[in-house]
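Analysis of the macromolecular model
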Amino acid sequence: MSHTLVSLACHAYGIAAVAYLAYLVRQTELLATAGRVLVGGGLALHGVALFELLGAQSGRPVGLAQGFSALAFLLLAIFLALDVRYRRPVIGAFLTPLAVTVLLPGLLLEGGQAPLPPGVRQPLLPLHISLALLGLAAFAVAAGVGVMYILMERQVKAKRFGLLFSRLPSLEFLDTLNRRLVLWGFIALSITLVTGTLFVLTAPGLAWHWDGKSIATVVAWTVFAALVNARIFAGWRGRRVALLTMAGFCLVLVSFLSSYDLTSPAASAMRLP
Amino acid sequence: MELICIGLSHRTAPLTVRERLALPEARQVEVLQRLAQAPVEALWVSTCNRVEVYLAAPNAAVARQRVVEEIQALGGPEALEHLYEHQGENALVHLFRVAGSLDSMVLGEAQILGQVKDAFERGQGAGSVRGELTRACAAAFSCAKRVRTETAIGRASTSMAAAAVQLASKVFDGLRDKTVLVVGAGEMGELAARHLKGAGATKLFVTNRTLARAEALAAEVGGAARPFEELFSLLAAADVVVCSTASPVPIFTKENVGAVGKSRKGRPLFMVDLAVPRDIDPGVGSLEWVHAYDVDDIQKFVADNAAARAEEAQKAGVLVAQEVARFVKERALREGTPVLARLRQRAEAIARAEVERTLGALGDGLTEKQRKSIEAMGRAIVNKLLHEPTSRLRAVGPEGEGNRLAGAAAELFGLLEMEEAASDAATPAAVSAAAAQAATGVKR
């Protein structure tokens, strides 16, 4: 049941991506509306599937496929919220293809869950995971917006008045959007880090050790902490912030991937049904 | 008198060459006075996109050479590579097209007519624009008026200032909460200020070397005037800067703009330079937080819009052709050339025939000297006889007597092909009246 729903949703996203890319070339309101409706419909189907699935797993996505699926869902949910709020459908041309790329390996890849230490079965775990995913999705959108900023800035600086120049939103808009997304992502990441640390410290028989995941997460947090500070106190903005956001996103992605055991043979059992 | 046009424009020359030829008014007058020694007439049209000299001269080749020398002296030998030339009717067509904004960077923009008119008045003031060029300009102005009223070319027109505002919207998300600084309170500054206001700018400052002009403009568009000495403190607070001063050297350099960077905390600055020579040094754009555009960049930006107006431009081109044809015909009538030429031809033919007859009757007994004397006498009688009517026909003032006299002469001497001469109502007086109308239309 849920596999059919997710598959349907993926098709909807795919068509939406085509609509948004067409919108990039030919700016007609019809294409933007089609994209919006398709993403909304896809999210509804996708949401039902995830709700069903996670409800059965006590609110925890299991396996890389489900993780990616949840990530794509949140990413598009954030996009839809932005689209409704700011009415800049052009962003869809960058984010819907990204969401489809995130979702596809989830449907195709096999990846298992790293065995969860027994002590970590805590009531706060669903919160920890949801916030981690939400933060990751926010950073993904911020990185996408960062790519748009870099592209637009290049056009503005080089005075190339091509298609992108006429279609992309203003630099100021993209920069402001990046600021908001990074701030929310940073808050989510911070809470994730605090709850994660709490789990490790409070779980009986679990000692702190620096594995790849915690290193990547702490480095990513440091990068974003520095970024948020530099923005507020040193007036950083624009290009370097966009580049740093993209770098930070990669680190968070590494941290996310290292939650999963990509080599586990048991992974096939945990594929999205 | 032959009309020629020599110049360079955004179509042929890069900004760096154009700005070398962009002279302050006083120097334009000097050049004009050098070029326009009677009977030569000269008009110097200088905008940020073009520098053109129009000449009416009895000997086009000599006059042309002097213009080329002037341009070389001002812009160096490099400038000569970018020159174009039009002669006779082509020069007229070009003048009409320029005044009608058909040769503009932004097709159909309304500013150019005012600029040509300013050039015309400057030429009149300097005494370099007299009868011939006055009539040509008047006809060009009336043609421009027809282009504006009879085609849609100017309707959706984006001026340079409007294009500048559009560019700003690619950096800023609206101008509502932005601080806008207009440097230079000339016509371009005024246009820019109006467009910025129209785009929602609320905090608008105007600065100008002469504070009074800044105050006048600020009062007119609803901004605040500031003395020029505050330029850099204004710059530190500004988000958008539009400059269009007549300064011969850049006002903003990488160093002095970079110096205000610290206090801005990375706040982006959008600068548009509508002036030629440039007010903003090209190096300024290399600062990370500055986005600087000059007139050539804006040309690139508006190039796309040009296609949309190509059709209207074609219609306008037909109008120009009509107006030029009319002017040429009127000029021919005014100068009475056909009448005079035919009259002289007829008289000379008669004189030649009579001289031949006389020489034939006198036989071979004449010396070479006597023969020449008789020939000279024939020519002298023709010249003496035609001197008065010739000078009278040529000297016809703007009262419109030209047609009557020419017509009368044609009738009196049986030069019958001149029928149309008397029938055309378009007299020089009518042309000047139309030009006056066109001119008031431009000044808004």
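Bear in mind the structure is a predicted one, so any value in this text is a computation, not a measurement. (Residues numbered from 1 in each chain as written. Chains lettered and ligands numbered in written order. Predicted model: local features only at pLDDT ≥ 70, side-chain atom pairs only at ≥ 80, totals over all residues.)

1. As for the interface of chain A and chain B
This is how the line gets drawn: Residues are treated as contacting if the C-beta atoms built from their backbones sit within 7 Å of each other. Each helix is a run of DSSP H or I of at least 4 residues and each strand a run of E of at least 2, with the numbering of both proceeding from the N terminus.
Taken together, the contacts link 13 residues of chain A with 13 residues of chain B. Broken down by secondary-structure element, the contributors of at least two residues to the side of chain A that touches chain B are helix H5 (125-158) and helix H7 (171-202) of chain A. In terms of residues, the side of chain A that touches chain B owes the most to one element, H7(A), which gives three residues.

2. A few points about the packing of helix H7 (residues 160-171) of chain B against helix H8 (residues 187-198) of chain B
Residues and elements named next belong to chain B. Just so we agree on the cut-off: Whenever a helix is involved, its axis is fitted only over the stretch in contact; in every case the axis is a line through C-alpha atoms, and angles between N-to-C directions fall within 0 to 180 degrees. Should an angle lie under 35 degrees it is considered roughly parallel, over 145 roughly antiparallel, and from 65 to 115 roughly perpendicular; all remaining angles are considered oblique. Two helices crossing with the near one rotated counterclockwise from the far one by less than a right angle form a left-handed crossing, whereas a clockwise rotation gives a right-handed crossing.
Where H7 contacts H8, the two axes come as close as 8 Å, and the packing angle between them is 45 degrees. Taken together, the axis directions place H7 and H8 in an arrangement best described as oblique. The chirality of how H7 crosses H8 is right-handed. Where H7 abuts H8, its residues Ala 161, Ala 162, Ala 164 and Val 165 lie against Met 188, Leu 191, Ala 192, His 195 and Leu 196.

3. Considerations on the confidence of the model for chain A
Going by this rule: The predictor attaches a confidence to each residue, and that confidence, scored 0 to 100, is pLDDT.
Taken as a whole, chain A shows an average pLDDT of 83; of its residues, 84% reach a score of 70 or greater. Confidence scores differ between elements of chain A, with strand E1 (residues 112-113) of chain A showing the lowest mean pLDDT of 46 and H5(A) the highest of 91.

4. Some thoughts on the sheet that holds strand E7 (residues 224-227) of chain B
All names here are of chain B. Quick reminder of the rule: One bridge is not enough; two strands pair if DSSP finds at least two bridges between them.
The strand order across the open sheet formed by six strands is E7-E6-E5-E8-E9-E10, and the pairing between neighbours is parallel. The outermost strands of the open sheet, each flanked by one partner alone, are E7 and strand E10 (290-293). Sheet twist, expressed as the average angle between the axes of neighbouring strands with direction ignored, equals 20 degrees. Direction of pairing for strand E5 (residues 179-183) relative to strand E8 (residues 240-243): parallel, over a ladder of four bridges. Its bridge partner lying in E8, Leu 181 is registered against Val 241. Taken strand by strand, helix H9 (residues 211-221) contacts strand E6 (203-208) and E7, and its axis lies near 155 degrees from that of E6.

5. Points about the pairing of E6(B)
All names here are of chain B. Stated formally: Exposure classes come from backbone-placed C-beta atoms, where a residue is buried if 20 or more other C-beta atoms lie within 10 Å of its own, exposed if 12 or fewer do, and partly exposed in between. Orient the strands so they point away from the viewer, and a crossover whose first-strand-to-second-strand path over the helix runs clockwise is right-handed.
The element E6 is largely enclosed, with a buried count of five among its six residues. Both E5 and E6 contribute to a ladder of five bridges, which runs parallel. Its bridge partner lying in E6, Val 182 is registered against Val 206. With H8 bridging E5 and its parallel neighbour E6, the resulting β-α-β unit is right-handed.

6. A few points about the confidence of the model for chain B
Residues and elements named next belong to chain B. The share of residues in chain B with pLDDT of 70 or more is 88%, and the mean pLDDT across the chain is 82. Note that pLDDT drops below 50 for residues 397-401; the model gives that stretch eight contacts with residues more than four away or on any other chain. For the stretch residues 417-444, pLDDT sits under 50, and the model shows 52 contacts to residues farther than four places along the chain or on other chains. Taken together, the chains of this predicted complex give a pTM of 0.66 and an interface ipTM of 0.82.

7. Some points on the pairing of strand E3 (residues 50-57) of chain B
Residues and elements named next belong to chain B. Across the eight residues that make up E3, a large majority, eight, are buried. In this sheet, E3 lies alongside strand E1 (residues 2-9) in antiparallel orientation, the contact comprising eight bridges. Looking across to E3, one finds that Ile 6 is bridged to Val 53. Inspection of the sheet shows strand E2 (residues 41-46) paired to E3 by six bridges, in the antiparallel sense. For Trp 44, the partnering residue across the bridge sits in E3 and is Val 53. Linking two consecutive strands that pair antiparallel, namely E2 and E3, is a turn of three residues.

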